Amino acid sequence: DTIPRFGTETPHEAKLAELMDNIDAWGLNIFDVHNYSQSHSLTSVMYTIFKKRNLIETFRISPQKLINYLVTLESHYLDVPYHCSIHAADVTQAIHVLLLIPSFENTFTDLEILAALFAAAIHDVDHPGVTNQYLINSDNELALMYNDTSVLENHSLAVAFKLLQNEDCDFIENLSDEQRKILRQISIDMVLATDMSKHGAIMQTIQSFHQSLKAKQCKDSNSNSSTNDSLVLTEQKERVQLLREMLHCADLSNPTKHLSIYTQWVDRIMDEFHYQGDRERSAGMPISPMCNRRTADIEMAQIGFIQAIVEPLWQMWAQLVYPHCQQMLDNIDSNRQWYEYQISNRSSRNNT
Ligand SMILES: COc1ccc(/C(C)=N\OCC(=O)N2C[C@H](C)O[C@@H](C)C2)cc1OC1CCCC1
Ligand SMILES: [Zn+2]
């Protein structure tokens, strides 16, 4: 039986094809992809990217086993408002676009690209819709299992690799042992780096790391423009450091998207945080920051999130790949202004 064009059967294949024409664009509407792929955005996005990057040929991947793995992985994302399979599809497509930046034309090996896409696809699988701190505070068995350390991130990695052990899902069967080892090593490193408690450490090293890279940046011999400088990194360690930052950027990319997409993610994360707050309140636990629906100031929280976390991170990133990623910085700025306008509007409304 032949495999559907986007990996999953859908009566809306023509519409999905139209959407997938934008797979390389930052403006892809992942919610439309989810709707027109019969809620298989992760499977269809990953399959389309693998086909487009010729990874199926390069690594002699069985298309059926890839689909089996992706559909199984997708089914292990829970039906929570934010950390569901649409978020995984969103982050996977984002890292695919970041990898297309000309600065990285000659930077990563095919195996590193495979590992980066895999890490993005698996990075939040089986996420229960609560924070690490909540699992620790509620003595959850996951916190016990992982000794309170990057609990959710360790759990997603374990679940994702467990699924690979299933014979008809092992789409990396034709990779050499060495390649499998490297893929596993890079995926673990990248997913563990999505733990928000590591954000400070990433910001500490990013400045000096990027300065050293800019110093080494070589003018591409056949480049017809001065901006087409490719970053050549001789050490795998350095390339993995860059991939770690890239996944963290993709994971915190909601404010870099068009307002209509960004506000849907805000609604979803606030649903998830407020539901956690409800559980903390009824359990008599202290309610976590941003999780109390009764005192929430959603606009202020997003402005704080943008100013404290998202904008500084994306400014560092945009600096490294200048002039690329200006669109992301522009969207962050206009989105922040929109939230500031909501607040100013709110106060004048109250005055009427
Ligand atoms: C679209 O908005 C968000 C998208 C994603 C997230 C996630 C999953 N993590 O982000 C960082 C985080 O979890 N933090 C830990 C603690 C809750 O304090 C925060 C400042 C940082 C959070 C988003 O917004 C948050 C932050 C402002 C209101 C809710
Ligand atoms: Zn995530």
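We now turn to the structure provided with this report. (Residues numbered from 1 in each chain as written. Chains lettered and ligands numbered in written order. Predicted model: local features only at pLDDT ≥ 70, side-chain atom pairs only at ≥ 80, totals over all residues. Heavy atoms only, no water.)

Quick look at the packing of aromatic side chains
Put simply, the test is: Pairing of aromatic rings covers Phe, Tyr and Trp, the last through its six-membered ring, and needs centres within 6.5 Å; plane angles under 30 degrees mean stacked, over 60 mean edge-to-face, and all others mean tilted. Per the convention used, a helix needs a DSSP run of H or I reaching at least four residues, while a strand needs a run of E reaching at least two, with both numbered from the N terminus. Buried means the residue's accessible area, taken with a 1.4 Å probe over protein chains only, is under 20% of the maximum for its type, while exposed means over 50%, and partly exposed covers the values in between. By the criterion adopted, a ring carries a charge over it if an Arg CZ or a Lys NZ lies within 6 Å of its centre and within 35 degrees of its normal.
The final tally for this structure, using the stated rule, is twelve aromatic pairs. A ring pair is formed by Tyr-69 and Phe-171, whose centres lie 5.3 Å apart and whose planes are at 50 degrees; its orientation type is tilted. Placement of Tyr-69 in helix α5 (residues 63–75) and of Phe-171 in the loop between α10 (151–164) and α11 (177–192) is noted, with a sequence separation of 102 residues between them. A relative accessible area of 2% means that Phe-171 is categorised as buried. Pairing Trp-338 with Tyr-339 gives two aromatic rings, centres 5.0 Å apart and planes at 75 degrees, and the pair type is edge-to-face. With relative accessibility at 4%, the residue Tyr-339 sits in the buried group. Here a set of aromatic residues connected by ring pairs shows up, and it is made of Phe-50, Tyr-69, Phe-118, Phe-161 and Phe-171. The ring of Phe-161 carries the charged tip of Arg-184 above its face, separated from the ring centre by 4.7 Å.

Some details on the pattern of salt bridges
Any two side chains of opposite charge can pair, on the condition that their charged atoms come close. Our working rule: Between Lys or Arg on one side and Asp or Glu on the other, a salt bridge is scored when a side-chain nitrogen of the former is within 4 Å of a carboxyl oxygen of the latter.
A complete count under the given rule lists 17 salt bridges for this structure. Across the salt bridge formed by Lys-15 and Glu-18, the nearest N and O atoms sit 3.6 Å from each other. Placement of both Lys-15 and Glu-18 in helix α1 (residues 13–20) is noted, with a separation of three residues, approximately one turn of the helix. With a shortest N-O distance of 3.3 Å, Glu-340 and Arg-336 are connected by a salt bridge. Of the two residues, Glu-340 and Arg-336 are both situated in helix α16 (residues 326–351); the distance of four residues between them amounts to about one turn of the helix. By relative accessible area, Arg-336 is classed as buried at 13%. Bridged by salt links that share partners, the residues Glu-311, Asp-333, Arg-336 and Glu-340 form one connected network.

Some words on helix α13 (residues 236–251)
Here is the rule: For a helix, the expected span equals 1.5 Å multiplied by the residue count minus one.
The terminal C-alpha atoms of α13, which comprises 16 residues, lie 22 Å apart, in line with the 22 Å expected from a rise of 1.5 Å per residue. Most of α13 is tucked away, with 13 of its 16 residues classed as buried.

So, the site of ligand 1
Condition: We call a residue near a molecule or strand whenever a single non-hydrogen atom of that residue lies within 4 Å of it. Polar contact is the term for a pair of N or O atoms within 3.5 Å; when the atoms are in protein, one must be able to donate a hydrogen and the other to accept it, and sequence-neighboring residues count only if both atoms are side-chain atoms. Computed with the Shrake-Rupley method and a 1.4 Å probe, the accessible areas treat only the protein chains shown as cover for residues.
The full set close to ligand 1 counts 13 residues, and Asn-254, Phe-273, Met-290, Gln-302 and Phe-305 are the nearest of them. The contact in question runs from an oxygen atom of ligand 1 to an N or O atom on the side chain of Gln-302, over 3.1 Å. Calculation on ligand 1 without its partners gives an accessible area of 580 Å², and the protein chains cover 81% of this total.

Notes on α1
Put simply, the test is: Arc definition: it is the arc formed by the directions from the helix axis to the C-beta atoms. Contacts are assigned to residue pairs that have any heavy atoms within 4.5 Å of one another.
Of the residues making up α1, those classed as buried are Leu-16, Ala-17, Leu-19 and Met-20. For α1, the angular spread of buried residues about the axis comes to 160 degrees, placing them on one side. Here the buried face of α1 lies against α2 (30–36) and α3 (41–52).

So, the nonpolar core
This is how it is decided: What we call a nonpolar core is a set of buried Ala, Val, Leu, Ile, Met, Phe, Trp, Tyr and Cys residues that are connected through their side-chain atoms within 4.5 Å.
Ranked by size, the top nonpolar core spans 104 residues in total, and within it Phe-50, Tyr-69, Leu-73, Leu-98, Phe-104, Trp-314 and Trp-317 carry the most contacts. Among the elements that take part in this core, helix α7 (residues 110–122) stands out by supplying eleven residues, more than any other. The residues contacting Trp-317, other than those within four sequence positions of it, are Leu-98, Ile-101, Phe-104, His-210, Leu-242, Glu-245, Met-246, Cys-249 and Cys-325. Counting residues in hydrophobic clusters, the runner-up holds ten residues, among them Leu-135, Ile-136, Tyr-146 and Val-151.

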